[in-house]
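Analysis of the macromolecular model
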Amino acid sequence: MSEFRRQHWAAAVDQLFSSIKQNFITFLIIIFIGTRQAGGDYFIYVLLGTLALTFFSGIAGWYRFRFRVADGELQIKKGIFVRKNIYMSKERIQVIDVTEGLVQRIFGLVKIEVKTAGGGTESATISAITFEEAEVLKRELRTKYKTGQESINGEEVYVQEEEFLDEWKISTKELVLAAFTSGNFGLIASILGAVSGQLDAVITDETIDYLKDTLPGLNNVTLIITVVFVILIVSWTLSFLGVIFSYSDFSVKRTDKELLIRSGLIERKHITIPFDRIQAIRFVEGILRQPLGCGMLYVESAGFEQKVKERSIVLVPFISRRKMSDFFDRFLSDFHIPELDISPPKRSFFRYLRRPNYLLMLAIPFSWYFWEMGWLLLFLLIPATILGWFRYKDAGLYFDSNMIALQFRNLNRKTAFVRRKRIQVIEETTNPFQARKNLSSLSVTAASGAKGIGFTINDLRSDDVRKIQEWLISGEKEYVTGESKS
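Definitions and cut-offs
- Residues numbered from 1 in each chain as written.
- Predicted model: local features only at pLDDT ≥ 70, side-chain atom pairs only at ≥ 80, totals over all residues.
- Heavy atoms only, no water.
- Pairing = 2+ DSSP bridges.
- Helix = DSSP H or I, 4+ residues; strand = E, 2+ residues; numbered from the N terminus.
- Axes fitted to C-alpha atoms, helices over the stretch in contact; angles between N-to-C directions.
- Contact = heavy atoms within 4.5 Å.
- Salt bridge = Lys/Arg side-chain N within 4 Å of Asp/Glu carboxyl O.
- Buried < 20%, exposed > 50% of the residue type's maximum accessible area, 1.4 Å probe, protein only.
- Core = buried A, V, L, I, M, F, W, Y, C linked by side-chain atoms within 4.5 Å.
- Phe/Tyr/Trp six-rings, centres within 6.5 Å; stacked < 30°, edge-to-face > 60°.
- Lys NZ or Arg CZ within 6 Å of the ring centre and 35° of its normal.
- Expected span 1.5 Å × (residues − 1).

1. Notes on the sheet that holds strand 10 (residues 251–254)
Within a beta sheet, neighbouring strands are joined by backbone hydrogen bonds and run either parallel or antiparallel to one another. Here we have seven strands laid out as an open sheet, ordered 6-5-4-12-11-10-9, and antiparallel in their pairing. A strand with exactly one partner marks an edge of an open sheet, and here the two such strands are strand 6 (125–130) and strand 9 (166–169). The mean inter-strand angle of the sheet, taken between neighbouring strand axes irrespective of direction, is 20 degrees. Pairing analysis gives four bridges linking strand 9 to strand 10, with the strands arranged antiparallel. Bridging from a neighbouring strand, K169 pairs with S251 of strand 10. Each of strand 9, strand 10 and strand 11 (258–263) touches helix 10 (residues 321–331); the most contacted strand, strand 9, lies at about 150 degrees to it.

Here's what the structure looks like:
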(Lines give C-alpha, C1' and ligand atoms only; values in the text may rest on other atoms or scores of the structure.)
Protein backbone atom coordinates (compact mmCIF):
# COMPACT_ATOMS: atom_id res chain seq x y z
CA MET A 1 0.00 0.00 0.00
CA SER A 2 2.79 2.41 -0.87
CA GLU A 3 0.57 4.47 -3.20
CA PHE A 4 -2.21 6.74 -1.95
CA ARG A 5 -5.68 5.20 -2.25
CA ARG A 6 -9.24 6.44 -1.99
CA GLN A 7 -12.03 4.89 0.01
CA HIS A 8 -15.09 3.39 -1.61
CA TRP A 9 -17.60 6.10 -2.59
CA ALA A 10 -20.00 4.63 0.01
CA ALA A 11 -18.06 6.74 2.55
CA ALA A 12 -20.25 9.68 1.47
CA VAL A 13 -23.39 7.65 2.17
CA ASP A 14 -21.96 6.61 5.53
CA GLN A 15 -21.42 10.25 6.51
CA LEU A 16 -25.06 11.07 5.69
CA PHE A 17 -26.31 8.01 7.58
CA SER A 18 -24.11 8.82 10.61
CA SER A 19 -25.44 12.38 10.71
CA ILE A 20 -29.05 11.12 10.66
CA LYS A 21 -28.34 8.46 13.32
CA GLN A 22 -26.64 10.89 15.68
CA ASN A 23 -29.53 13.35 15.46
CA PHE A 24 -32.39 10.87 14.98
CA ILE A 25 -34.45 11.90 18.03
CA THR A 26 -33.94 15.59 17.21
CA PHE A 27 -35.07 15.02 13.62
CA LEU A 28 -38.19 13.19 14.78
CA ILE A 29 -39.21 15.97 17.17
CA ILE A 30 -38.50 18.72 14.64
CA ILE A 31 -40.38 16.91 11.86
CA PHE A 32 -43.30 16.01 14.12
CA ILE A 33 -43.71 19.52 15.51
CA GLY A 34 -42.30 21.68 12.70
CA THR A 35 -44.64 20.34 10.03
CA ARG A 36 -47.63 21.31 12.16
CA GLN A 37 -46.59 24.92 12.39
CA ALA A 38 -47.27 27.63 9.84
CA GLY A 39 -45.04 27.21 6.82
CA GLY A 40 -44.55 23.50 7.40
CA ASP A 41 -43.95 22.86 3.67
CA TYR A 42 -41.01 25.25 3.66
CA PHE A 43 -39.67 23.50 6.71
CA ILE A 44 -39.58 20.19 4.81
CA TYR A 45 -37.67 21.85 1.95
CA VAL A 46 -35.10 23.24 4.40
CA LEU A 47 -34.69 19.81 6.02
CA LEU A 48 -34.24 18.06 2.66
CA GLY A 49 -31.79 20.75 1.59
CA THR A 50 -29.76 20.19 4.74
CA LEU A 51 -29.60 16.44 4.10
CA ALA A 52 -28.59 17.04 0.47
CA LEU A 53 -25.84 19.45 1.55
CA THR A 54 -24.58 16.84 4.03
CA PHE A 55 -24.48 14.21 1.30
CA PHE A 56 -22.63 16.41 -1.21
CA SER A 57 -20.13 17.48 1.45
CA GLY A 58 -19.61 13.76 2.08
CA ILE A 59 -18.85 13.27 -1.62
CA ALA A 60 -16.35 16.13 -1.52
CA GLY A 61 -14.81 14.69 1.64
CA TRP A 62 -14.53 11.25 -0.01
CA TYR A 63 -12.83 12.72 -3.07
CA ARG A 64 -10.29 14.59 -0.94
CA PHE A 65 -9.57 11.65 1.40
CA ARG A 66 -6.54 9.46 0.65
CA PHE A 67 -4.49 6.99 2.71
CA ARG A 68 -1.50 4.71 2.43
CA VAL A 69 1.10 2.83 4.48
CA ALA A 70 4.64 3.90 3.71
CA ASP A 71 7.93 4.41 5.54
CA GLY A 72 6.67 2.54 8.59
CA GLU A 73 3.61 4.73 9.16
CA LEU A 74 -0.03 5.22 8.23
CA GLN A 75 -0.47 8.42 6.23
CA ILE A 76 -3.86 10.08 5.76
CA LYS A 77 -4.69 13.22 3.77
CA LYS A 78 -8.16 14.68 4.19
CA GLY A 79 -10.13 17.93 4.39
CA ILE A 80 -12.27 19.85 1.87
CA PHE A 81 -11.11 23.43 2.39
CA VAL A 82 -8.53 22.92 5.14
CA ARG A 83 -6.16 20.05 4.35
CA LYS A 84 -5.05 17.75 7.17
CA ASN A 85 -2.06 15.45 6.86
CA ILE A 86 -1.97 12.70 9.51
CA TYR A 87 1.05 10.48 10.10
CA MET A 88 0.84 7.56 12.56
CA SER A 89 3.94 5.52 13.23
CA LYS A 90 3.47 1.75 13.57
CA GLU A 91 5.18 1.84 16.96
CA ARG A 92 2.59 4.33 18.27
CA ILE A 93 -0.48 2.40 17.12
CA GLN A 94 -2.21 0.70 20.04
CA VAL A 95 -5.58 -0.54 18.76
CA ILE A 96 -7.05 -1.24 15.32
CA ASP A 97 -10.84 -1.73 15.30
CA VAL A 98 -12.92 -2.97 12.38
CA THR A 99 -16.65 -2.17 12.21
CA GLU A 100 -19.31 -3.31 9.76
CA GLY A 101 -22.07 -0.71 9.98
CA LEU A 102 -25.36 -0.85 8.13
CA VAL A 103 -24.03 1.12 5.14
CA GLN A 104 -20.82 -0.90 5.03
CA ARG A 105 -22.69 -4.22 5.08
CA ILE A 106 -24.97 -3.11 2.25
CA PHE A 107 -21.93 -2.45 0.05
CA GLY A 108 -19.83 -5.36 1.39
CA LEU A 109 -17.35 -3.00 3.09
CA VAL A 110 -15.95 -2.27 6.57
CA LYS A 111 -14.83 0.75 8.57
CA ILE A 112 -11.44 0.72 10.26
CA GLU A 113 -10.36 2.90 13.20
CA VAL A 114 -6.71 3.30 14.13
CA LYS A 115 -6.01 4.48 17.69
CA THR A 116 -2.63 5.64 18.88
CA ALA A 117 -1.16 6.68 22.22
CA GLY A 118 -2.67 10.08 22.94
CA GLY A 119 -4.41 10.26 19.56
CA GLY A 120 -8.11 10.59 18.81
CA THR A 121 -10.13 7.98 16.94
CA GLU A 122 -12.08 10.14 14.50
CA SER A 123 -9.06 11.59 12.71
CA ALA A 124 -7.79 8.09 11.88
CA THR A 125 -11.00 6.53 10.61
CA ILE A 126 -11.22 4.97 7.14
CA SER A 127 -14.96 4.64 6.62
CA ALA A 128 -15.36 2.40 3.57
CA ILE A 129 -12.87 -0.18 2.32
CA THR A 130 -13.19 -3.86 1.49
CA PHE A 131 -12.67 -6.45 4.19
CA GLU A 132 -9.64 -7.81 2.37
CA GLU A 133 -8.04 -4.34 2.22
CA ALA A 134 -8.80 -3.84 5.91
CA GLU A 135 -7.16 -7.15 6.84
CA VAL A 136 -4.07 -6.36 4.81
CA LEU A 137 -3.90 -2.85 6.28
CA LYS A 138 -4.35 -4.19 9.80
CA ARG A 139 -1.69 -6.85 9.40
CA GLU A 140 0.74 -4.48 7.72
CA LEU A 141 0.42 -1.99 10.58
CA ARG A 142 0.98 -4.82 13.07
CA THR A 143 3.87 -6.43 11.20
CA LYS A 144 7.43 -5.73 12.26
CA TYR A 145 9.03 -8.61 10.40
CA LYS A 146 8.32 -9.88 6.92
CA THR A 147 6.81 -13.32 7.44
CA GLY A 148 4.58 -13.75 4.39
CA GLN A 149 3.19 -12.03 1.30
CA GLU A 150 -0.21 -11.04 -0.03
CA SER A 151 -1.27 -8.75 -2.82
CA ILE A 152 -4.03 -6.23 -3.33
CA ASN A 153 -4.69 -4.99 -6.87
CA GLY A 154 -1.46 -6.61 -8.00
CA GLU A 155 0.68 -4.89 -5.37
CA GLU A 156 2.61 -7.09 -2.95
CA VAL A 157 2.47 -6.37 0.76
CA TYR A 158 4.04 -8.16 3.69
CA VAL A 159 1.73 -9.56 6.35
CA GLN A 160 1.94 -11.61 9.50
CA GLU A 161 -0.55 -14.43 9.92
CA GLU A 162 -2.57 -14.53 13.14
CA GLU A 163 -3.29 -17.82 14.86
CA PHE A 164 -6.33 -18.01 17.12
CA LEU A 165 -5.48 -20.03 20.23
CA ASP A 166 -8.88 -20.03 21.94
CA GLU A 167 -12.43 -18.73 21.53
CA TRP A 168 -15.30 -17.88 23.91
CA LYS A 169 -18.90 -17.42 22.79
CA ILE A 170 -22.13 -16.64 24.61
CA SER A 171 -25.06 -18.92 23.95
CA THR A 172 -28.50 -17.86 22.74
CA LYS A 173 -29.86 -18.48 26.25
CA GLU A 174 -27.21 -16.20 27.76
CA LEU A 175 -27.92 -13.50 25.16
CA VAL A 176 -31.65 -13.57 25.95
CA LEU A 177 -30.97 -13.45 29.71
CA ALA A 178 -28.62 -10.51 29.15
CA ALA A 179 -31.37 -8.69 27.24
CA PHE A 180 -34.03 -9.47 29.86
CA THR A 181 -31.83 -8.27 32.75
CA SER A 182 -30.31 -5.20 31.10
CA GLY A 183 -30.51 -2.12 33.30
CA ASN A 184 -30.55 0.34 30.39
CA PHE A 185 -34.34 0.68 30.39
CA GLY A 186 -34.17 3.20 33.25
CA LEU A 187 -31.97 5.53 31.21
CA ILE A 188 -34.14 5.07 28.13
CA ALA A 189 -37.28 5.75 30.18
CA SER A 190 -35.84 9.05 31.43
CA ILE A 191 -35.00 10.04 27.84
CA LEU A 192 -38.51 9.15 26.67
CA GLY A 193 -39.95 11.11 29.59
CA ALA A 194 -37.91 14.16 28.61
CA VAL A 195 -38.96 13.80 24.97
CA SER A 196 -42.64 13.47 25.92
CA GLY A 197 -42.35 16.75 27.78
CA GLN A 198 -41.53 18.47 24.49
CA LEU A 199 -44.76 17.34 22.79
CA ASP A 200 -47.02 20.02 24.25
CA ALA A 201 -47.90 21.15 20.73
CA VAL A 202 -49.35 17.71 19.98
CA ILE A 203 -50.69 16.55 23.36
CA THR A 204 -53.13 19.39 24.04
CA ASP A 205 -56.02 19.66 26.49
CA GLU A 206 -58.39 18.86 23.64
CA THR A 207 -56.50 15.65 22.90
CA ILE A 208 -56.65 14.60 26.56
CA ASP A 209 -60.40 15.37 26.76
CA TYR A 210 -60.96 13.33 23.61
CA LEU A 211 -59.12 10.35 25.11
CA LYS A 212 -61.16 10.60 28.32
CA ASP A 213 -64.40 10.61 26.35
CA THR A 214 -63.31 7.74 24.09
CA LEU A 215 -61.83 5.42 26.75
CA PRO A 216 -64.26 4.63 29.60
CA GLY A 217 -62.88 4.91 33.13
CA LEU A 218 -59.99 7.12 32.08
CA ASN A 219 -59.28 10.05 34.44
CA ASN A 220 -56.26 12.13 35.40
CA VAL A 221 -54.83 9.48 37.74
CA THR A 222 -55.31 6.52 35.39
CA LEU A 223 -54.00 8.60 32.49
CA ILE A 224 -50.73 9.31 34.35
CA ILE A 225 -50.41 5.65 35.35
CA THR A 226 -51.05 4.58 31.75
CA VAL A 227 -48.45 7.00 30.36
CA VAL A 228 -45.83 5.83 32.89
CA PHE A 229 -46.64 2.18 32.14
CA VAL A 230 -46.35 2.73 28.39
CA ILE A 231 -43.01 4.54 28.81
CA LEU A 232 -41.66 1.65 30.92
CA ILE A 233 -42.85 -0.99 28.43
CA VAL A 234 -41.41 0.89 25.46
CA SER A 235 -38.15 1.52 27.36
CA TRP A 236 -37.75 -2.14 28.32
CA THR A 237 -38.52 -3.23 24.74
CA LEU A 238 -35.91 -0.84 23.31
CA SER A 239 -33.40 -1.97 25.93
CA PHE A 240 -34.08 -5.64 25.11
CA LEU A 241 -33.66 -5.07 21.38
CA GLY A 242 -30.57 -2.92 21.95
CA VAL A 243 -28.79 -5.77 23.74
CA ILE A 244 -29.83 -8.28 21.06
CA PHE A 245 -28.59 -6.02 18.26
CA SER A 246 -25.35 -5.11 20.07
CA TYR A 247 -24.21 -8.56 21.26
CA SER A 248 -25.59 -11.08 18.76
CA ASP A 249 -22.90 -13.40 17.39
CA PHE A 250 -20.60 -12.36 20.25
CA SER A 251 -17.19 -13.99 20.53
CA VAL A 252 -13.79 -13.39 22.13
CA LYS A 253 -10.73 -14.83 20.43
CA ARG A 254 -7.19 -14.96 21.77
CA THR A 255 -3.89 -14.81 19.94
CA ASP A 256 -0.40 -14.66 21.39
CA LYS A 257 -0.48 -10.89 21.74
CA GLU A 258 -4.10 -9.72 21.84
CA LEU A 259 -7.79 -10.34 22.30
CA LEU A 260 -10.22 -9.88 19.42
CA ILE A 261 -13.86 -9.15 20.27
CA ARG A 262 -16.59 -9.51 17.68
CA SER A 263 -20.28 -8.67 18.14
CA GLY A 264 -23.30 -7.07 16.53
CA LEU A 265 -26.32 -7.98 14.44
CA ILE A 266 -26.83 -4.91 12.25
CA GLU A 267 -23.58 -3.07 13.05
CA ARG A 268 -20.86 -5.65 13.53
CA LYS A 269 -17.78 -4.58 15.48
CA HIS A 270 -14.32 -6.13 15.65
CA ILE A 271 -12.34 -4.73 18.60
CA THR A 272 -8.67 -5.52 19.16
CA ILE A 273 -7.15 -5.31 22.66
CA PRO A 274 -3.39 -5.93 23.00
CA PHE A 275 -2.50 -7.75 26.23
CA ASP A 276 0.14 -5.19 27.11
CA ARG A 277 -2.51 -2.42 27.15
CA ILE A 278 -4.88 -4.15 29.61
CA GLN A 279 -4.83 -2.30 32.92
CA ALA A 280 -7.77 -3.73 34.86
CA ILE A 281 -10.85 -5.94 34.62
CA ARG A 282 -14.27 -5.04 36.09
CA PHE A 283 -17.08 -7.47 36.87
CA VAL A 284 -20.41 -5.62 37.26
CA GLU A 285 -23.42 -7.42 38.73
CA GLY A 286 -26.60 -5.46 38.06
CA ILE A 287 -29.57 -5.52 40.42
CA LEU A 288 -31.43 -7.94 38.13
CA ARG A 289 -28.37 -10.04 37.31
CA GLN A 290 -26.87 -10.53 40.76
CA PRO A 291 -29.59 -12.96 41.95
CA LEU A 292 -28.69 -15.10 38.93
CA GLY A 293 -25.00 -15.01 39.89
CA CYS A 294 -24.20 -13.27 36.61
CA GLY A 295 -22.81 -9.98 35.41
CA MET A 296 -20.86 -8.17 32.69
CA LEU A 297 -17.08 -8.11 32.27
CA TYR A 298 -15.34 -4.88 31.22
CA VAL A 299 -11.71 -4.35 30.32
CA GLU A 300 -9.87 -1.11 31.01
CA SER A 301 -7.34 -0.41 28.27
CA ALA A 302 -4.93 2.52 28.24
CA GLY A 303 -2.90 4.44 25.74
CA PHE A 304 -5.39 6.09 23.40
CA GLU A 305 -7.92 8.87 23.68
CA GLN A 306 -11.54 7.82 24.08
CA LYS A 307 -14.84 9.43 24.92
CA VAL A 308 -15.96 8.89 28.49
CA LYS A 309 -18.80 6.54 27.55
CA GLU A 310 -16.36 4.42 25.51
CA ARG A 311 -13.64 4.36 28.13
CA SER A 312 -14.45 0.80 29.24
CA ILE A 313 -14.70 -1.96 26.64
CA VAL A 314 -17.23 -4.76 27.10
CA LEU A 315 -15.18 -7.95 27.34
CA VAL A 316 -18.11 -10.35 27.92
CA PRO A 317 -21.70 -9.01 28.00
CA PHE A 318 -23.06 -11.83 30.17
CA ILE A 319 -21.12 -14.36 32.24
CA SER A 320 -21.77 -16.24 35.47
CA ARG A 321 -19.39 -15.78 38.39
CA ARG A 322 -18.67 -19.53 38.48
CA LYS A 323 -17.39 -19.41 34.87
CA MET A 324 -15.06 -16.48 35.44
CA SER A 325 -12.18 -18.60 36.77
CA ASP A 326 -12.24 -20.68 33.60
CA PHE A 327 -12.40 -17.53 31.45
CA PHE A 328 -9.44 -15.95 33.28
CA ASP A 329 -7.39 -19.15 32.98
CA ARG A 330 -7.97 -19.31 29.23
CA PHE A 331 -7.83 -15.64 28.24
CA LEU A 332 -6.35 -13.53 31.08
CA SER A 333 -3.87 -15.67 32.97
CA ASP A 334 -2.53 -12.65 34.90
CA PHE A 335 -5.85 -12.44 36.80
CA HIS A 336 -7.65 -14.87 39.09
CA ILE A 337 -10.72 -14.98 41.37
CA PRO A 338 -9.58 -14.74 45.01
CA GLU A 339 -11.34 -14.93 48.38
CA LEU A 340 -11.62 -11.39 49.75
CA ASP A 341 -9.81 -11.37 53.08
CA ILE A 342 -9.94 -7.69 54.10
CA SER A 343 -13.30 -6.12 54.94
CA PRO A 344 -14.53 -2.99 56.73
CA PRO A 345 -14.46 -3.54 60.52
CA LYS A 346 -17.63 -3.73 62.63
CA ARG A 347 -17.04 -0.22 63.97
CA SER A 348 -17.70 1.15 60.47
CA PHE A 349 -21.13 -0.55 60.20
CA PHE A 350 -23.23 2.45 61.23
CA ARG A 351 -21.16 4.76 59.03
CA TYR A 352 -22.17 2.59 56.06
CA LEU A 353 -25.82 2.77 57.12
CA ARG A 354 -25.72 6.57 57.45
CA ARG A 355 -23.70 7.40 54.36
CA PRO A 356 -26.52 7.00 51.74
CA ASN A 357 -28.84 9.10 53.94
CA TYR A 358 -26.72 12.24 54.32
CA LEU A 359 -28.00 14.14 51.26
CA LEU A 360 -31.50 12.79 51.76
CA MET A 361 -31.66 14.09 55.35
CA LEU A 362 -30.56 17.52 54.12
CA ALA A 363 -33.17 17.50 51.34
CA ILE A 364 -36.17 16.50 53.48
CA PRO A 365 -36.50 19.77 55.50
CA PHE A 366 -36.27 21.90 52.33
CA SER A 367 -38.76 19.78 50.39
CA TRP A 368 -41.12 19.76 53.39
CA TYR A 369 -40.90 23.54 53.64
CA PHE A 370 -41.63 24.19 49.94
CA TRP A 371 -43.96 21.24 49.35
CA GLU A 372 -46.77 20.18 51.65
CA MET A 373 -46.21 16.49 50.91
CA GLY A 374 -42.42 16.74 51.21
CA TRP A 375 -42.51 14.61 54.37
CA LEU A 376 -43.10 11.59 52.12
CA LEU A 377 -39.37 11.64 51.38
CA LEU A 378 -38.93 10.21 54.88
CA PHE A 379 -39.95 6.83 53.47
CA LEU A 380 -36.86 6.90 51.23
CA LEU A 381 -34.69 6.56 54.36
CA ILE A 382 -35.64 2.87 54.57
CA PRO A 383 -34.34 1.79 51.12
CA ALA A 384 -31.32 4.10 51.54
CA THR A 385 -30.44 2.40 54.83
CA ILE A 386 -30.86 -1.04 53.24
CA LEU A 387 -28.51 0.08 50.46
CA GLY A 388 -25.96 1.08 53.11
CA TRP A 389 -26.22 -2.36 54.70
CA PHE A 390 -25.59 -4.04 51.33
CA ARG A 391 -22.58 -1.79 50.75
CA TYR A 392 -21.10 -2.80 54.09
CA LYS A 393 -21.81 -6.48 53.46
CA ASP A 394 -20.26 -6.48 49.96
CA ALA A 395 -17.18 -4.31 50.57
CA GLY A 396 -13.87 -6.15 50.65
CA LEU A 397 -10.49 -6.58 48.99
CA TYR A 398 -7.57 -8.91 48.40
CA PHE A 399 -4.03 -8.38 47.19
CA ASP A 400 -0.98 -10.45 46.42
CA SER A 401 2.32 -9.87 44.65
CA ASN A 402 0.70 -9.48 41.22
CA MET A 403 -2.74 -7.90 41.59
CA ILE A 404 -5.35 -6.36 43.85
CA ALA A 405 -9.08 -7.17 43.82
CA LEU A 406 -11.61 -4.68 45.22
CA GLN A 407 -15.33 -5.31 45.67
CA PHE A 408 -17.76 -2.47 46.37
CA ARG A 409 -21.27 -1.34 45.55
CA ASN A 410 -22.98 1.82 44.32
CA LEU A 411 -26.31 0.40 43.18
CA ASN A 412 -24.70 -2.46 41.26
CA ARG A 413 -22.08 -4.65 42.88
CA LYS A 414 -18.68 -4.25 41.23
CA THR A 415 -15.45 -6.19 41.52
CA ALA A 416 -12.27 -4.69 40.08
CA PHE A 417 -9.10 -6.66 39.34
CA VAL A 418 -6.02 -4.45 38.85
CA ARG A 419 -2.46 -5.50 38.11
CA ARG A 420 -0.01 -4.13 40.63
CA LYS A 421 2.28 -2.81 37.90
CA ARG A 422 -0.67 -1.01 36.25
CA ILE A 423 -1.78 0.94 39.31
CA GLN A 424 -1.25 4.67 38.84
CA VAL A 425 -2.24 5.97 42.27
CA ILE A 426 -3.23 4.54 45.65
CA GLU A 427 -4.80 7.24 47.79
CA GLU A 428 -5.77 7.23 51.47
CA THR A 429 -8.30 9.79 52.75
CA THR A 430 -9.28 10.28 56.37
CA ASN A 431 -11.75 12.84 57.71
CA PRO A 432 -11.91 13.81 61.41
CA PHE A 433 -14.84 11.47 62.09
CA GLN A 434 -12.97 8.54 60.55
CA ALA A 435 -9.78 9.41 62.44
CA ARG A 436 -11.60 8.98 65.78
CA LYS A 437 -12.23 5.32 64.90
CA ASN A 438 -8.93 4.66 63.10
CA LEU A 439 -10.68 4.36 59.72
CA SER A 440 -9.66 5.47 56.23
CA SER A 441 -11.01 5.30 52.69
CA LEU A 442 -8.96 3.65 49.96
CA SER A 443 -8.96 4.73 46.31
CA VAL A 444 -7.06 2.82 43.62
CA THR A 445 -6.65 4.44 40.19
CA ALA A 446 -5.79 2.52 37.03
CA ALA A 447 -5.29 3.87 33.53
CA SER A 448 -8.35 3.74 31.25
CA GLY A 449 -8.51 5.43 27.86
CA ALA A 450 -6.54 8.67 28.00
CA LYS A 451 -7.61 9.14 31.62
CA GLY A 452 -7.81 7.01 34.74
CA ILE A 453 -10.61 5.11 36.43
CA GLY A 454 -10.86 4.95 40.21
CA PHE A 455 -12.13 2.25 42.55
CA THR A 456 -12.97 3.27 46.13
CA ILE A 457 -13.78 1.39 49.34
CA ASN A 458 -14.82 3.47 52.34
CA ASP A 459 -14.10 3.03 56.06
CA LEU A 460 -11.39 0.38 56.10
CA ARG A 461 -8.95 -0.03 58.97
CA SER A 462 -6.25 2.61 58.57
CA ASP A 463 -3.57 -0.03 59.17
CA ASP A 464 -4.89 -2.11 56.25
CA VAL A 465 -4.82 0.90 53.92
CA ARG A 466 -1.22 1.69 54.87
CA LYS A 467 -0.18 -1.92 54.26
CA ILE A 468 -1.67 -1.71 50.79
CA GLN A 469 0.34 1.46 50.15
CA GLU A 470 3.48 -0.36 51.27
CA TRP A 471 2.52 -3.32 49.07
CA LEU A 472 2.42 -1.08 46.01
CA ILE A 473 6.02 -0.15 46.64
CA SER A 474 7.37 -3.54 47.72
CA GLY A 475 5.03 -5.88 45.88
CA GLU A 476 4.92 -8.20 48.87
CA LYS A 477 1.83 -9.13 50.85
CA GLU A 478 2.68 -8.28 54.46
CA TYR A 479 -0.38 -8.06 56.61
CA VAL A 480 -2.05 -10.15 59.27
CA THR A 481 -5.65 -11.26 58.73
CA GLY A 482 -8.17 -12.00 61.41
CA GLU A 483 -9.19 -8.45 62.34
CA SER A 484 -11.44 -7.81 59.36
CA LYS A 485 -14.91 -7.65 60.88
CA SER A 486 -13.80 -6.69 64.36
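From this point, the discussion proceeds with the structure in view.
2. Here we look at the pattern of salt bridges
The full count for this structure, using the stated rule, is 17 salt bridges. Two residues, R413 and D394, come together in a salt bridge whose shortest N-O distance is 3.4 Å. Residue R413 is found in strand 18 (residues 413–419), and its partner D394 is found in helix 13 (residues 381–394); the two are separated by 19 residues along the sequence. Accessibility assignment for this pair places R413 and D394 in one class, buried. The network of salt bridges with shared partners includes E285, R321, D394, R409 and R413.

3. Brief notes about unusual backbone geometry
Even without a glycine there, the phi angle at D71 is positive, about 55 degrees. Secondary-structure assignment places D71 in the loop between strand 1 (66–70) and strand 2 (73–78). In the Ramachandran plot, N438 falls in the positive-phi region, its phi being about 60 degrees despite a non-glycine side chain. Here N438 lies in the loop between helix 14 (432–436) and strand 20 (439–448).

4. Some thoughts on the sheet that holds strand 16 (residues 396–399)
If you walk across this open sheet you meet the six strands as 15-14-13-18-17-16, and the pairing is antiparallel. Every interior strand has two partners, whereas the edge strands, strand 15 (312–320) and strand 16, have only one. Looking at each pair of strands side by side, their axes are set apart by 15 degrees on average, direction ignored.

5. Here's the deal with the nonpolar core
By size, the foremost hydrophobic cluster in this structure holds 40 residues, and its most contacted members are I281, L297, L315, F327 and L332. Looking at this core, the element that brings in the most residues is strand 15, giving six residues. For L332, the residues in contact, after removing those within four places along its chain, are L259, F275, I278, I281, L315 and F327. If you look at the next biggest cluster of nonpolar residues, it comprises 24 residues, including L406, I426, A446 and I457.

6. Thoughts on the packing of aromatic side chains
Within the structure shown, the criterion is met by 16 aromatic pairs. Between W168 and F331, the aromatic rings sit 6.4 Å apart at their centres with planes inclined by 85 degrees, giving edge-to-face as the arrangement. Here W168, found in strand 9, pairs with F331, found in helix 10; they are 163 residues apart in sequence, far enough to count as distant. Centre to centre, the rings of Y352 and Y392 are 5.6 Å apart; their planes meet at 65 degrees, and the pair counts as edge-to-face. Taken as a pair, Y352 in helix 11 (residues 349–354) and Y392 in helix 13 lie far apart in primary sequence, 40 residues in all. Ring pairs connect the aromatic residues W168, F327, F328, F331, F335 and F417, which therefore count as one cluster. Sitting over the face of the ring of W62, R6 holds its NZ or CZ atom 5.9 Å from the ring centroid. Here the guanidinium or amino end of R282 rests over the ring plane of Y298, the centre of that ring lying 4.6 Å away.

7. Examining helix 15 (residues 462–474)
With 13 residues, helix 15 should cover 18 Å at 1.5 Å per step; its first-to-last C-alpha distance of 18 Å lies within 8% of that length. Listing the buried residues of helix 15 in full gives S462, D464, V465, I468 and W471.

Shape is all these values report; function is a separate question.
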